[in-house]
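Chain by chain, the residues:
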Amino acid sequence: MTRRLAPWLALGCAACGGGDALPAPELGEVEPLVRLEIARRAEAAASDRSADNLSRYARVLHAHGMLAEAEHVYLLAAGCAGEDLASECLHLAGCAMAPLQPERAVEHLTAALALRPDREAGHLRLAILAERLGKVDVARDHYEKAVALRPSSHAWLGLGRLLLQAGDPRAAVEQLERARALDPDHHQVDEALARAYARLGQAEASRQAAQRAGNLSAPRPIDDPLMAAVNDADVTYRAFEGRAIARFDEEHRRALATGRRDKALLEQALDAIDSACRARPDSPTARHYRGLILAGLGRVDEAIAELQAVVAARPDDENAGLALAGMLRAAGRASAALVQLDALLERRPRCVDALMQRAALHLEAHETEAARRDLRAILDVAPDNEWARARLRE
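Residues numbered from 1 in each chain as written. Predicted model: local features only at pLDDT ≥ 70, side-chain atom pairs only at ≥ 80, totals over all residues. Heavy atoms only, no water.

Summed over all chains, the structure comprises zero disulfides. For the unlinked cysteine C95, the closest cysteine sulfur is that of C89, found at 12 Å. What makes C95 buried here is its relative accessible area of 12%. (Disulfide = S-S within 2.5 Å. Buried < 20%, exposed > 50% of the residue type's maximum accessible area, 1.4 Å probe, protein only.)

Moving on: the packing of helix α10 (residues 169-182) against helix α11 (residues 187-199). Angle between the axes and distance between the axes: these two values describe a pair of packed helices. Across the interface, α10 lies against α11 with an axial gap of 9 Å and an inter-helix angle of 155 degrees. On the basis of the axis angle, α10 is roughly antiparallel to α11. The two elements α10 and α11 meet at a crossing, and its hand is left-handed. Along the contact surface, α10 presents P169, V173, L176, E177, A179 and R180, while α11 presents V189, D190, A192, L193, A196, Y197 and R199. Tallied by class, residues from the contact of α10 with α11 come to nine nonpolar, no polar and four charged. (Axes fitted to C-alpha atoms, helices over the stretch in contact; angles between N-to-C directions. Helix = DSSP H or I, 4+ residues; strand = E, 2+ residues; numbered from the N terminus. Parallel < 35°, antiparallel > 145°, perpendicular 65-115°, else oblique. Left-handed = near helix turned anticlockwise from the far one by under 90°. Contact = heavy atoms within 4.5 Å. Nonpolar A, V, L, I, M, F, W, Y, C, P; charged D, E, K, R; others polar.)

Ranked by internal contacts, the top residues of the largest apolar core, which has 42 residues, are I273, I293 and A354. In this structure, A51, A81, A93 and L226 belong to the second largest nonpolar core, which totals 37 residues. (Core = buried A, V, L, I, M, F, W, Y, C linked by side-chain atoms within 4.5 Å.)

What follows is about the side chain of H142. Inspection of the secondary structure puts H142 in helix α8 (residues 136-149). What makes H142 buried here is its relative accessible area of 11%. Look past the residues within four positions of H142 in its chain and what remains in contact with it is L113, H123, L126 and A127.

This part takes up the environment of A264. Along the chain, A264 falls in helix α15 (residues 263-279). For the pair A264 and A313, spaced 49 residues apart in sequence, the C-alpha to C-alpha distance is 30 Å.

Before going further, it helps to examine the layout of surface pockets. In this structure, the second largest pocket spans a volume of roughly 360 Å³. In terms of lining residues, the second largest pocket is bounded by 16 residues, among which D185, V311, L324, Q340 and A343 are the most central. Broken down by secondary-structure element, the contributors of at least two residues to the lining of the second largest pocket are α17 (300-313), α18 (318-330) and α19 (334-347). Top contributing element to the lining of the second largest pocket by residue count: α19, with six residues. Residue classes in the lining of the second largest pocket are distributed as nine nonpolar, four polar and three charged. (1 Å grid on protein atoms, 1.4 Å probe; cavity = no way out; pocket = protein on both sides within 12 Å on 5 of 7 lines; lining within 4 Å. Points joined across faces, edges and corners; volume = space filled by probe spheres on them.)

In total, this model carries one aromatic pair according to the counting rule given. Seen from their ring centres, F248 and Y289 are 5.9 Å apart, and the 85 degrees between their planes marks the pair as edge-to-face. Residue F248 is located in helix α14 (residues 235-258), and its partner Y289 is located in helix α16 (residues 284-296); the two are separated by 41 residues in the primary sequence. Given a relative accessible area of 13%, F248 falls into the buried group. The residue whose ring lies beneath R178 is W156, and the NZ or CZ to ring-centre distance is 4.6 Å. The aromatic ring of Y237 is capped on one face by R280, whose charged end is 3.9 Å from the ring centroid. (Phe/Tyr/Trp six-rings, centres within 6.5 Å; stacked < 30°, edge-to-face > 60°. Lys NZ or Arg CZ within 6 Å of the ring centre and 35° of its normal.)

So, about the packing of α11 against helix α12 (residues 203-213). Axis separation between α11 and α12 bottoms out at 8 Å; the angle between their running directions is 160 degrees. Taken together, the axes of α11 and α12 lie roughly antiparallel to each other. Crossing geometry of α11 relative to α12 is assigned as left-handed. Across the interface between the two elements, H187, D190, E191, L193, A194, Y197 and A198 of α11 pack against A205, S206, A209, A210, R212 and A213 of α12. Of the residues assigned to the contact of α11 with α12, the class counts are eight nonpolar, two polar and three charged.

On to the side chain of E251, then. Along the chain, the position of E251 falls in helix α14. Look past the residues within four positions of E251 in its chain and what remains in contact with it is R260, R261, D262, L265 and L266.

Attention shifts here to the confidence of the model for the protein. Regions with low pLDDT carry predicted coordinates that are not meant to be interpreted in detail. Summary statistics for the protein give a mean pLDDT of 90 and a share of 94% for residues scoring 70 or more. Note on residues 8-18: pLDDT is under 50 here. Beyond four places in sequence and across chains, it has 22 contacts. (pLDDT = per-residue confidence, 0-100.)

Evaluation of the coordinates by the stated rule reveals 35 salt bridges. The partner of R104 in a salt bridge is E71, and the shortest N-O contact between them spans 2.3 Å. Here R104 is found in helix α6 (residues 102-115), whereas its partner E71 is found in helix α4 (residues 67-79), with 33 residues between them in sequence. Exposure remark for R104: the relative accessible area of 9% places this residue in the buried category. The buried category is assigned to E71, whose relative accessible area is 2%. Close ionic contact of E302 with R299 constitutes a salt bridge, the shortest N to O distance being 2.9 Å. Assessed through its relative accessible area of 31%, R299 is described here as partly exposed. Beyond isolated ion pairs, a larger network of salt bridges with shared partners links D274, R287, R290 and E306. (Salt bridge = Lys/Arg side-chain N within 4 Å of Asp/Glu carboxyl O.)

Below is the structure:
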């Protein structure tokens, strides 16, 4: 094990100039919660330099943006870990280095996959980096390995982009349409399709793909459980998210009891959730709560925009989809609410809450037969649903 990891361990130590010494980042400007968590993990790693303690220290450094220090500690952990943990640490070292030194990130991810070639996220991350560095053969090899493990829109998108770069738009369209079939809401696929169809001279198909892509929402994240665990180590985010949810829940209880909204509590919740969003801009949970809080403050258009972003990033998020449909309905945008509910029910045809919302919209529009279809569908799933029974008797 140590011989196999030695080149990467030496690379990390040389980069930090500290050999086997644990890095001690400057924490003077760091928030107190973060400073305490980093100090706690550093003390544990210093007193017992086990692979587990080192990897935990690396993760908390990584979560709070101390990427070079995190890489160094990941490599120290990998040097004394068993193969599974070593592969995790090398993978995360690659993730930490990707925005700083992509060539080093490629080396770390390659080492991780040598130990655990069954990690789809590793192949995808390595392929994307290799593509950006112009290493086309490496990128293609790892996109294909990712597809073999689990076909995803990311892998087919990558293969399509490579074919487009190679001057074969017809083959690119084939791969990109596979990506779109797997994830119709992955808008980077639509953007690539627009370019591919344009090169084929298919103007209408290109226009439709560009229209679907819109302004290109934030890139669809890779499904990477290891990086998800790192993100969960962000104590700044957790603290602000917890504070926002506590304020929002307290305000909700008061509103139920008094029938009045407490603007001060909602403003406190919004301030906390804005801080959570700054700490982790890609958190769908924070954006979901931000949408609910904005709606409570009467800022409905902003609330709808937040929830639309959540649904675009996580189309299978039933709660966000229901909340978005409800807000669209409350804002008088019945047709948009129906589009949202249709999309949700296409994925989850037995969702009673969605069926109830859609039935209510049909009733409000005097579309009796469509409403009755939804009411009967509700009773197929929930035979004791009194609301549906009462509407059918009317």
